[in-house]
Every structure is written in C-alpha cells, then in structure tokens.
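Residues per chain are reported as follows:
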Amino acid sequence: MGVALWSSDHTGVTGQAQVTARVVRHQPAVWSEYVYRGKSWRSFASWVGAVWRLWRDVALGRVKSVYLVCSRSNGGFLRDIPALFTTHAGVRVVAHAHGSDIVTLLSARWLSPFARALYARCEIVVPSQHLLEPLREVARAPVHLCENYFAGEFGDAAGKPDRLSNVFTVLWNSNVMASKGFFDLAEAVRRVHGEGFAIRFLSIGQPLGDEEMPAVEAARRLDALLACGWFRYRGQVTSGEAIALLAEADAVALPSRYSSECQPLAIIQAMCTGKAVIASDIPALQATLRDYPAHSVPVCSVEAIANELRELCGEKQADPAAFALRRQQPAAAARERFSADRFDREMTAILLPDRAAVLS
C-alpha cells in the first residue's frame, strides 16, 4: 500500500526528524516522498517542486493517502496548505503534530479559523496524552494518540556510570535553547559546584534561537561555559552517540518552558535507561513522566534545580552503586511503554488500518 510523505527534511537529529525517519523506514508501506529542504530561496524552490509533484500525482490518481508531518508556526502552516488541501481531492490526510502549539494554531491565532477548516478534513496524531482534551475541544478532526519511542540498546545506555566515583554527572540531551532551561541548569550546576559538590555538566546539542534568546546569543553564552572546569560539551552528535552518552550520566535534566514542548525523546531516553530526571512541572513533561520517580521543578527557578542537584549528589555520594540501581523497576515499565515495536504497531493501525487488521 502506498503512502505519500509531506515533510521537511527528516535526515537531521531533531526528535521530529528521528520519529519521521522511523515511520518511513518501519511502516509496511510503499512511500512516495514530497520533502522540502534547504534554507531561504533553496527551501522555497524545494517546496515549489514538492507541491508540483504532489498535485501532479494526486491528479494522476497516484496518491490516496498523505502522512503530513505538520508545522505549527504560522509560516509552516501556510507551507503545509498544499498537502492539507488534498483532502478536497478525496485524499486521506494523517497529520502528525510533534509540538503542543498545534492547539494554539487551531484556536488562538488570526489564521486559526482557516486552519480549523483545513484540519477538519484530516486525522491528527499527537504523542502526548495532555493534548487530547484540548485538541478535541477545538478540532473536528479525529485525534489519535501514539506516544514516542526509545530505540537504543538499553544495556549499554543504562550503564553503571562511575559507580565507585562520587562525581555526579548531569547530562543535557537536547539542543541548546534558553527556553528549554539550558542556561538555568548551567547556573544551577555552577552554584552547586561552587559549594564544593563533585559535579560535572555534560552537554550535547546545537545552540538554537527561540522566543527568549537568538541563536547568536545562545552560542556566545555556550562559548563562555567552555572555560568552566565542570562543563564538557560534545556538540552535535548522532542519535546513537547521544544514547551512548547516557552511560556516563547519573541524571538528565530538562527544566523546560519551551512553548512547543510535547514529548521530548531526551526524557524518554532517560526514563528507559533508569536515570534520575529533573524536569519542569509543565503539563507536557509531567504527562511524559507519568509515574516515573522524577524531580519536578518550577519553570525559571535556578535555585529549585540547584536544590535537586544537591539532593542527588548527596544520594550518590552516600552509596554510588545503590544510586545507579535505584530506578530499575520504573525503567522497565518505561521500556514497555515506549517500546519501538509498540510505536510501529500503533502507527500501522493509524496509517494503514486495513493492513493492521490483516496482521492482527
């Protein structure tokens, strides 16, 4: 069975790109891709080409269903209109939304009435439980839940990080963004290290701009951290390398207030490998964590993050081996919940319901 993919470039290391790539690789479908790439005029030219090819194939009867990896920004919505409009030609469109701002796109912007009209003919997939009720209040479209997944090797990543060492390692396993709490975490580690705790901050990711800080400023502040003895920066790495770094970590922190935060792979990876987790108390992260024994902090509270780090450092210092093993049972439950096989089955049931019925 054929499915058309409408998406931005999915060869990168963002969570959305990784999930999209898995859907394309692991679904029992014949894919035709209408993907736009590049920046500036190159992106526009690529988009024009994708629009032309998509509608040519719709007109020729080659496209019966579209898997749309939708953008939730205003400009991104306008870019997705050609794919959304294929429903008027009898095409089934399944829109996969990877950010919480799908709700505001449909409810709180000047173009929301137009967006609701186009999405009313689609089906919407979201990865987080906390979006179901808000979406069903503003969208007439059917809404499916399919949580994200962890596809790493559990044994290596679960690891035994310096069991005999008192040094506490906190990992940043996401892109470097102010609204995700990166610089709050760095300041908290600085305070705790200055108080004499044996702690280090290990980070990956690319400095990106957001609503709080432009990319240039994020890069400048990241460069300033490189002189700190307690900070180690690995830059952009592959998803496999990022997962492998979990073996060096005692904890993963994401004190995010990012407006699009939904179900970050960084937190899923930490849960599945039994790491201590420090996360903000926003609905998206709390829905992801569910019953996992995480440490929740208010947004923008550096001191709350520092307090959790002090507590965790003390726990590891008291018994490093026991600390590494403390979350084994919650990690096992997380691995079942975020199984890649489960993700593949649920996506098949959504994208290819006839095929799923035969397989079952």
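The rules behind these values
Residues numbered from 1 in each chain as written. Predicted model: local features only at pLDDT ≥ 70, side-chain atom pairs only at ≥ 80, totals over all residues. Heavy atoms only, no water. Helix = DSSP H or I, 4+ residues; strand = E, 2+ residues; numbered from the N terminus. Rg over C-alpha atoms; globule rule 2.2 N^0.38 Å. Buried < 20%, exposed > 50% of the residue type's maximum accessible area, 1.4 Å probe, protein only. Contact = heavy atoms within 4.5 Å. Areas by Shrake-Rupley, 256 points an atom, 1.4 Å probe, with all protein chains shown as cover. Lys, Arg positive; Asp, Glu negative; His and termini not counted. Charge placed at Lys NZ, Arg CZ, Asp CG, Glu CD. Axes fitted to C-alpha atoms, helices over the stretch in contact; angles between N-to-C directions. Parallel < 35°, antiparallel > 145°, perpendicular 65-115°, else oblique. Left-handed = near helix turned anticlockwise from the far one by under 90°. Polar contact = N/O pair within 3.5 Å; in protein donor to acceptor, adjacent residues only side chain to side chain. Pairing = 2+ DSSP bridges. Core = buried A, V, L, I, M, F, W, Y, C linked by side-chain atoms within 4.5 Å. Expected span 1.5 Å × (residues − 1).

Draft legend 1. Geometry of the overall build of the protein. Within the protein, the secondary structure is distributed over 17 helices and 12 strands. Relative to its length of 360 residues, the protein is compact, with a C-alpha radius of gyration of 21 Å against a globular reference of 21 Å. Judged by the C-alpha coordinates and their principal axes, the protein covers about 70 × 45 × 35 Å. Buried positions account for 54% of the 360 residues belonging to the protein. Considering only contacts in the protein between residues 6 or more positions apart, those separated by 24 or more positions represent 74%. When the accessible surface of the protein is split by element, carbon and sulfur atoms take 53% of a total near 15400 Å². For the protein, the separation between the mean place of its 39 positive charges and that of its 36 negative charges on side chains is 6 Å.

Draft legend 2. Region of interest: the packing of helix H2 (residues 40-59) against helix H3 (residues 74-84). Two elements in contact, H2 and H3, have axes whose closest approach is 10 Å; the angle formed by their N-to-C orientations is 15°. Judged by the inter-axis angle, H2 sits roughly parallel to H3. Crossing angle aside, the handedness with which H2 passes H3 is left-handed. In contact with Trp47, Val51, Leu54 and Trp55 of H2, H3 contributes Arg79, Pro82 and Ala83.

Draft legend 3. Just the environment of Lys316, in detail. Here Lys316 shows up in helix H13 (residues 302-318). Under the relative-accessibility criterion, Lys316 is labelled buried at 1%. Sequence separation between Lys316 and Glu123 is 193 residues; the distance between their C-alpha atoms is 47 Å. A polar contact is formed between the side chain of Lys316 and the backbone oxygen of Val167, at a distance of 2.6 Å.

Draft legend 4. The arrangement of the sheet that holds strand E3 (residues 65-69) in detail. Read across the open sheet, the six strands follow the order E2-E1-E3-E4-E5-E6; overall the sheet is parallel. The outermost strands of the open sheet, each flanked by one partner alone, are strand E2 (30-36) and strand E6 (143-145). Averaged over all pairs of adjacent strands, the angle between strand axes in this sheet comes to 20°, irrespective of strand direction. Pairing of strand E1 (residues 2-8) with E2, which is carried by seven bridges, proceeds in the parallel orientation. Note that in E2 the partner of Val3 across the bridge is Trp31. The strands touched by H2 are E1, E2 and E3; relative to E2, the strand with the most contacts, the crossing angle is about 145°.

Draft legend 5. Structural view of the nonpolar core. Within the largest apolar cluster, 60 residues are counted, with the highest numbers of intra-cluster contacts made by Phe168, Val170, Phe182, Leu185, Val189, Phe201 and Leu309. In this view, Phe201 contacts Val170, Trp172, Phe182, Leu185, Ala186, Val189, Trp230, Phe231 and Arg232; residues no more than four positions away in its chain are not counted. The next biggest cluster of nonpolar side chains, apart from the first, holds 38 residues, and it includes Leu68, Cys70, Ile81 and Leu106.

Draft legend 6. A look at the pairing of strand E5 (residues 123-126). The two faces of E5 match: Glu123 and Val125 on one face and Ile124 and Val126 on the other face are all buried. The pairing of E5 with E6 spans three bridges and is parallel. Bridge pairing in E6 links Val125 to His144.

Draft legend 7. How the structure looks around unusual backbone geometry. We note that Arg290 has phi near 50°; this positive angle belongs to a residue other than glycine. Mapped onto the fold, Arg290 is located in the loop between helix H12 (283-289) and strand E12 (295-297). For Arg290, a relative accessible area of 48% translates into the label partly exposed. Located in the positive-phi region is Cys300, a residue other than glycine, with phi close to 70°.

Draft legend 8. Helix H1 (residues 15-26), seen in detail. For H1, with 12 residues, the first-to-last C-alpha span of 16 Å sits near the 16 Å given by 1.5 Å per residue. What H1 keeps buried is the set Ala17, Gln18, Val19, Thr20, Ala21, Arg22, Val23 and Val24.

Draft legend 9. Up close: the environment of His26. Looking at the element boundaries, His26 is found in helix H1. Look at His26 and you get partly exposed, because its relative accessible area is 36%. On a C-alpha basis, the gap between His26 and Gly152 in space is 15 Å, while along the polypeptide they are 126 residues apart.

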